[in-house]
Structure formats: C-alpha cells, structure tokens
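A look at the structure
Below, each chain spelled out in residue letters.
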Amino acid sequence: MSAPTPSPTPGDSDNRRAAQDREGRDKDRKVLGRLSLPERTFVADALRTETVGGVLLLVAAVAALIWANTPVRESYESVRDFHLGPAALGLNLSVEHWAAEGLLAVFFFVAGIELKRELVAGDLRDPRAAALPVVAALCGMVMPALVYTLVGVTGGGSLAGWAVPTATDIAFALAVLAVLGTSLPSALRAFLLTLAVVDDLFAILIIAVFFTDDLDFAALGGAVVGLAVFWLLLRKGVRGWYVYVPLALVVWGLMYNSGIHATVAGVAMGLMLRCTPRVDEGEEHSPGEQVEHLVRPLSSGLAVPLFALFSAGVGVSGGALGEVFTQPETLGVVLGLVVGKAVGIFGGTWLTARFTSASLSDDLAWPDVFAVASLAGIGFTVSLLIGELAFADDPALSDGVKAAVLTGSLIATVLSGVLLKLRNARYRKLWEAEERDEDLSGVPDVYEQDDPAYHLRMAEIYERKAAEHRRLAEVTGGAGVGHDGPA
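Everything numeric here is computed off the predicted structure, so don't read it as measured data.

Thresholds applied
Residues numbered from 1 in each chain as written. Predicted model: local features only at pLDDT ≥ 70, side-chain atom pairs only at ≥ 80, totals over all residues. Heavy atoms only, no water. 1 Å grid on protein atoms, 1.4 Å probe; cavity = no way out; pocket = protein on both sides within 12 Å on 5 of 7 lines; lining within 4 Å. Points joined across faces, edges and corners; volume = space filled by probe spheres on them. Helix = DSSP H or I, 4+ residues; strand = E, 2+ residues; numbered from the N terminus. Nonpolar A, V, L, I, M, F, W, Y, C, P; charged D, E, K, R; others polar. Polar contact = N/O pair within 3.5 Å; in protein donor to acceptor, adjacent residues only side chain to side chain. Patch = residues over 30% accessible without salt bridge, like charges linked within 9 Å, V, L, I, M, F, W, Y side chains within 5 Å. Areas by Shrake-Rupley, 256 points an atom, 1.4 Å probe, with all protein chains shown as cover. Salt bridge = Lys/Arg side-chain N within 4 Å of Asp/Glu carboxyl O. Lys, Arg positive; Asp, Glu negative; His and termini not counted. Charge placed at Lys NZ, Arg CZ, Asp CG, Glu CD. Buried < 20%, exposed > 50% of the residue type's maximum accessible area, 1.4 Å probe, protein only. Axes fitted to C-alpha atoms, helices over the stretch in contact; angles between N-to-C directions. Parallel < 35°, antiparallel > 145°, perpendicular 65-115°, else oblique. Contact = heavy atoms within 4.5 Å. Core = buried A, V, L, I, M, F, W, Y, C linked by side-chain atoms within 4.5 Å.

Take the layout of surface pockets next. In this approach, a probe sized like a water molecule rolls over the atoms, and the result shows the empty space that is left. Its volume calculated, the second largest pocket comes out at about 1,100 Å³. Listing elements by their share of the lining of the second largest pocket, those giving two or more residues are helix H4 (95-120), helix H8 (217-235), helix H9 (241-258), helix H10 (263-272) and helix H11 (287-311). Here the lining of the second largest pocket is built from residues that sort into 21 nonpolar, five polar and five charged.

Following the sequence through the fold, Glu-114 ends up in helix H4. Side chain to side chain, Glu-114 and Arg-296 meet in a polar contact 2.4 Å long.

Let us now look at a negative patch on the surface. Taken together, the side chains of Asp-213, Asp-214, Asp-393 and Asp-394 present a region of like negative charge at the surface. Within the secondary structure, Asp-394 is located in the loop between helix H15 (381-390) and helix H16 (395-422). Judged by its relative accessible area of 33%, Asp-394 falls in the partly exposed class.

A few words on the pattern of salt bridges. Taken as a whole and assessed by the stated rule, the structure comprises 10 salt bridges. Residue Lys-402 pairs with Glu-96 through a salt bridge whose shortest N-O separation is 3.3 Å. Taken together, the residues span a long stretch of sequence, with Lys-402 in helix H16 and Glu-96 in helix H4 at a distance of 306 residues. You'll find Lys-402 and Glu-96 in the same group, each marked buried. Between Arg-471 and Glu-468 there is a salt bridge, with its nearest N and O atoms 2.6 Å apart. Of this pair, Arg-471 and Glu-468 both sit in helix H18 (residues 452-484), separated by three residues, roughly a single helical turn. Arg-471 gets classed as partly exposed once you look at its relative accessible area, which sits at 43%.

Time to look at the packing of helix H3 (residues 73-81) against H11. Any two packed helices are characterised by the angle at which their axes cross and by the distance between the axes. Two elements in contact, H3 and H11, have axes separated by 10 Å at closest approach and are oriented at 125 degrees. Compared by their axis directions, H3 and H11 come out oblique. Residues Tyr-76, Val-79 and Arg-80 of H3 lie in contact with H11, whose contacting residues are Leu-309, Phe-310 and Ser-311. Residue composition of the contact of H3 with H11, by class: four nonpolar, one polar and one charged.

The next subject is the side chain of Ser-258. Mapped onto the elements, Ser-258 comes out in helix H9. In this structure the side chain of Ser-258 is engaged in a polar contact, spanning 2.6 Å, whose partner is the backbone oxygen of Met-255. Here Ile-260 takes part through its backbone nitrogen, which lies 3.3 Å from a polar atom of the side chain of Ser-258. Each residue touching Ser-258, except ones within four places of it in the same chain, is listed here: Asp-214, Leu-215, Asp-216, Ala-219 and Leu-220.

All right, on to a nonpolar patch on the surface then. Together, Val-142, Met-143, Leu-146, Leu-335, Val-339 and Val-343 line one region of the surface with nonpolar side chains, adding up to about 450 Å² of accessible area. Here Val-142 shows up in helix H5 (residues 127-155). Residue class for Val-142 comes out partly exposed when judged on its relative accessible area of 46%.

The next thing to look at is the nonpolar core. Leu-192, Val-333 and Phe-380 are the most contacted members of the largest nonpolar core, which totals 101 residues. Looking at which element gives the most residues to this core, the answer is helix H7 (residues 186-210), with 12 residues. Beyond its immediate stretch of four places on either side in the chain, Leu-192 contacts Ile-170, Ala-173, Leu-174, Leu-177, Val-372, Leu-375 and Ala-376. Counting residues in each nonpolar core, the second largest holds six residues, with Leu-91, Leu-93, Ala-105 and Trp-252 among its members.

Rendered as structure tokens:
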C-alpha cells in the first residue's frame with residue numbers, strides 16, 4: 001500500500017510560484033530593460049555629478065587648445081613644465097606630471113569605489129546581469145586595439161599606442177548628452193556608466209602591466225604595507241579623514257616611486273572601501289557611498305578638468321590635423337575610437353543577447369545600442385594618459401596622438417549625436433513614461449504597478465475627476481436649457 005501524498009501547504013504553493021516566476025524571468029530576460037528603483041536613483045545621482053564634471057572637462061579642454069594655439073602658448077608650456085615638490089622624496093614633478101599622476105589618482109579612487117559598489121550592491125553582483133556590460137566593455141577594448149594594430153602593421157608604424165583608443169571617457173560622453181539634450185532612457189545611461197566603470201578597471205590594469213618598466217621593490221613593498229594598514233583600519237571601523245588622507249598620500253608616494261603608475265594606488269584604496277550598509281546598525285549609507293559622495297565632486301569638478309587643461313594643449317594647425325590621417329599611429333587611434341569602439345561594444349552586446357536567453361528590451365531597437373556604442377568612442381582622459389605613457393620618449397608623436405584622440409572623440413561625438421537625434425522623439429516618450437507620477441507619491445508610476453495602494457490612490461483620483469466632470473456637465477446642461485427654452 002503506497003503512502004498517501006501529502007497535501008501542499010500554502011508555503012509550498014508560494015515557493016512554487018516564486019520558482020516559476022524566476023524561471024519565467026530567466027527565459028525572458030531583457031537586455032537594457034528598466035532599472036530597479038534603487039539602481040535608477042543611484043544612476044541618476046551619479047550621472048548628474050558626472051554631467052556637470054563633463055561640462056567643466058569640455059571647458060578645460062577648449063581652454064587648453066586656445067591657450068596652446070595663440071601667441072601666449074609659451075606661457076602654457078612654461079606653466080605645464082614648471083617643476084615643484086620635494087626632490088628628496090623623488091616627487092619633484094612638473095605640473096603636467098602632478099596632474100597625470102596625482103590628480104588622476106583621485107579619479108581612479110572614485111572609479112574603484114564605483115566598481116566595488118557595482119560588484120557588491122549593483123547590477124554586477126548578479127553574474128547574469130554582469131555578463132552584458134563586461135562582455136561589451138571587453139569587446140569594446142579589444143576591437144580598438146586590433147584596429148590600431150592592423151593600421152600600424154599595414155602602415156609600418158609603432159605599435160606602442162595600441163592601448164590609446166581602448167578607453168571611454170564617461171564624463172565627456174555625458175557632457176555631450178547634456179549639450180545635445182537627448183532624453184536617453186535610464187537603462188541606456190546606466191549601460192554607458194557601467195561600461196565606463198569596467199573600462200576604467202581594465203585601463204588601470206593595462207597601465208599597471210604594460211607601462212611599468214623598472215620596479216623599486218623596496219618602495220613597492222612599502223606601498224603594499226601601507227595598503228594593508230589602510231585595509232585593517234577600515235576593517236576595525238576607524239573613522240576620521242585625518243587618519244586616511246595622510247596614509248593615502250604616503251601610499252601614493254611609495255607607489256609612484258616603485259615605478260608603477262601612481263593611479264593604481266587610488267583604484268586599490270577605492271576597492272577596499274565597504275559599499276554595503278549595515279542595516280542592523282542603523283546605517284542608511286555605506287562608508288563607500290559616503291566617501292564617494294564627498295570625493296566625486298572633487299574628482300569631476302577639479303581633478304579631471306585640471307588634467308585636461310595641462311594635457312590637451314596641442315597644436316591644431318591645418319598641417320597637424322592633416323598628419324593625423326596620414327601617420328599610421330595617429331590614424332590607428334582615430335579609427336580605433338570611431339570604428340573599433342562602436343563595432344566592439346555593439347558586437348559584444350549582440351553576441352551576449354544571441355547566445356544567452358536574454359532579448360533586447362521591447363522599448364529599444366538595435367540602432368539604439370549602436371548609438372550608445374558610438375558615444376563610447378569619446379576617449380579623452382585615460383586615452384590622453386596612455387598616449388603620454390606610450391610615447392613618453394617621442395614628444396612630437398605624443399602630441400600627434402593627443403591630436404588624434406581629440407579628432408577621434410570629435411568624430412565620435414558628431415556620429416553618436418546624429419544617431420541619437422534620429423531617435424530622440426522615441427527617447428522622450430520613454431523618459432516621460434519613466435518620470436510620470438500621477439498619484440504624486442514621489443515614486444514613478446511604472447514602479448508601482450504591483451502595489452495595491454497605488455491603484456487605490458489612482459481610483460480616488462479618477463473618482464474626483466469623474467465627479468468634477470459630472471458637475472460641469474450638469475452646470476453646462478442647465479445653462480443650455482435655460483438659454484434655449486421659451487421666453
């Protein structure tokens with residue numbers, strides 16, 4: 001006699017429904033679908049700061065070009081090449097060098113925090129969600145490097161600059177969006193931001209691995225010890241900027257003297273910060289989020305624009321611009337940014353959707369992905385930095401590569417601007433739908449569709465509107481009868 005089958009409990013039914021829901025979502029995952037509300041809020045705050053910083057970056061770049069191409073260009077070179085700092089500590093550097101090694105360490109510190117947050121609290125914590133931006137970013141770095149290498153081999157040029165067109169400048173890209181006024185949906189903006197974060201990580205790895213010549217192991221050991229102390233203090237919950245700022249400066253100085261690019265110290269310390277709040281201890285924001293909130297304006301509003309001011313000042317005469325398209329090194333940079341970036345990111349996104357269970361969001365089309373991929377061809381800050389490192393022994397070629405970065409970024413700006421403008425009416429409708437808040441709850445309606453309280457609030461609103469329409473109909477009808485009736 002067989003044992004009786006136990007009757008299902010309500011808990012079992014709930015578990016089965018939850019499992020079926022997860023299975024259904026896995027089978028119908030959407031590429032670049034609507035963000036969760038917390039992620040949307042974080043992205044909006046981050047992009048707002050980056051956009052302001054991008055406008056300042058654009059202003060600084062234009063100022064550098066004007067300063068370096070007018071009769072006062074000698075003053076630009078004098079300021080840029082002026083040395084200061086303690087020579088006894090090996091830190092008597094030029095202003096340009098301080099901007100590249102020192103100020104950009106702040107930029108990479110923020111990038112490290114962003115990456116840590118994405119890995120532990122953002123979309124990258126889910127391997128399936130992380131696959132798309134990671135694969136797209138990798139393809140968006142490999143393809144420009146291949147394009148540059150192909151042009152270099154074909155034209156007999158130097159292959160030292162293969163990494164120059166691999167980086168995306170998120171601040172500059174967002175500044176372009178702000179100028180164009182494109183109502184880009186939050187999912188596409190988040191995709192661009194995540195791409196840039198992953199891009200920054202691989203860029204710093206490229207700098208650390210491929211642009212380190214001679215190592216001072218004593219200084220490197222000191223930097224590692226300093227990073228270990230930094231990590232231990234964080235683990236112990238020690239607070240106070242007066243503890244961490246001096247320690248960070250010591251670590252930075254040791255890293256610089258070790259021969260490894262000093263910006264590596266910035267990203268390492270950023271990755272060490274805790275980016276998940278301890279709710280049981282009453283934390284609303286993690287230490288990483290608090291530090292990022294304080295340091296991001298310094299990075300976007302001061303560090304990166306100053307770096308641009310002292311790095312973007314190159315000659316842009318007709319002859320110099322003509323050489324950009326005739327030298328294999330500079331042509332490789334331009335084609336890498338304009339063609340390699342767009343093809344790489346678009347191809348990586350399409351392959352991810354093609355060979356997984358994901359499909360493109362119903363609100364978007366593949367031309368939208370290509371437009372964002374073209375926008376990622378704006379490579380400025382890190383591209384300029386890698387160009388300086390790659391051709392440090394050839395100032396003339398270094399300036400040519402800088403001009404190529406500016407030219408390629410300009411072409412990518414125009415191309416992406418045209419593509420985005422063609423879809424701007426559609427983007428505006430999507431943006432308005434994301435922002436609509438008819439019940440005035442402070443939360444967009446699209447995020448409240450499963451909340452019964454939302455539907456009750458909307459029912460009350462419709463009832464009031466219906467009552468007002470009935471009242472107006474009665475008043476209008478009564479007036480009409482009185483007017484048309486017999487005297």
